[in-house]
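Structure assessment
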Amino acid sequence: GEVEAGQTGGGGGGGRGGGADIRKGDEASGGGAIHTGATGRVVTEIRPTGRAEIDGQIVDVVTPGNWISPGRPIRVVEVHGNRILVDEDQPAGE
């Protein structure tokens, strides 16, 4: 019994901030906050997958097949769960 009693800290310290961690994971994949029509900017080259900043969140995105360079404006075309389909945002009248 003596040795087992010496193992301190078991059990109690396991679930540090579990709920917060799950919420962060949701945001990383859109988490429903990204919606069709939202606009953003490419962070890493999309060819045809990459990362973009949309509504202040860095998210993984995919295009219909075209490559988009970093810094270019994009628009959300469709959202399927954590798959965010974007295309280059062409400003009207330019």
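Procedures and definitions
- Residues numbered from 1 in each chain as written.
- Predicted model: local features only at pLDDT ≥ 70, side-chain atom pairs only at ≥ 80, totals over all residues.
- Heavy atoms only, no water.
- Helix = DSSP H or I, 4+ residues; strand = E, 2+ residues; numbered from the N terminus.
- Buried < 20%, exposed > 50% of the residue type's maximum accessible area, 1.4 Å probe, protein only.
- Contact = heavy atoms within 4.5 Å.
- Areas by Shrake-Rupley, 256 points an atom, 1.4 Å probe, with all protein chains shown as cover.
- Polar contact = N/O pair within 3.5 Å; in protein donor to acceptor, adjacent residues only side chain to side chain.
- Pairing = 2+ DSSP bridges.
- Axes fitted to C-alpha atoms, helices over the stretch in contact; angles between N-to-C directions.
- Core = buried A, V, L, I, M, F, W, Y, C linked by side-chain atoms within 4.5 Å.

1. Let's talk about the overall build of the protein chain
In terms of helices and strands, the protein chain carries two helices and five strands. Listing every helix and strand of the protein chain by position from the N terminus yields α-α-β-β-β-β-β. Counting every position in the protein chain, which comprises 94 residues, the buried fraction comes to 22%. Taking contacts inside the protein chain between residues at least 6 apart in sequence as the whole, the part at least 24 apart equals 39%. Accessible surface computed for the protein chain: about 6200 Å², of which carbon and sulfur atoms make up 49%.

2. A closer look at the side chain of Thr-63
With respect to the helices, strands and loops of the structure, Thr-63 is situated in the loop between β3 (57–62) and β4 (73–80). Of the polar contacts made by the side chain of Thr-63, one reaches the backbone oxygen of Asn-66; its length is 2.6 Å. In this view, Thr-63 contacts Ile-46, Pro-48, Ile-68, Leu-85 and Val-86; residues no more than four positions away in its chain are not counted.

3. Concerning the sheet that holds strand β1 (residues 39–44)
The strand order around the closed barrel built from five strands is β1-β2-β3-β5-β4, with neighbouring strands paired in mixed fashion. Across this sheet, the average inter-strand angle for adjacent strands is 55 degrees, counted without regard to direction. As paired strands, strand β2 (residues 49–54) and β3 are joined by six bridges and run antiparallel to one another. Looking at β3, one finds that Ala-52 is bridged to Val-59.

4. What about the environment of Val-62?
Considering the arrangement of structural elements, one finds Val-62 in strand β3. Assessed through its relative accessible area of 12%, Val-62 is described here as buried. Val-62 sits 12 residues away from Gly-50 along the chain, and the two C-alpha atoms are 6.4 Å apart. In this view, Val-62 contacts Pro-48, Thr-49, Arg-83, Ile-84, Leu-85 and Val-86; residues no more than four positions away in its chain are not counted.

5. Re the pairing of β4
Pairing of β1 with β4 involves three bridges; the strand directions are antiparallel. Counterpart to Gly-40 in the pairing with β4 is Ile-74. For β4 and strand β5 (residues 83–88), the ladder comprises six bridges, and the chain directions are antiparallel. Pairing of Arg-75 across the sheet is with Asp-87, part of β5.

6. A look at the nonpolar core
Ile-54, Val-61, Ile-74, Val-76, Ile-84 and Val-86 are the most contacted members of the largest nonpolar core, which totals 13 residues. Listed by contribution, the elements that provide at least two residues to this core are β2, β3, β4 and β5.

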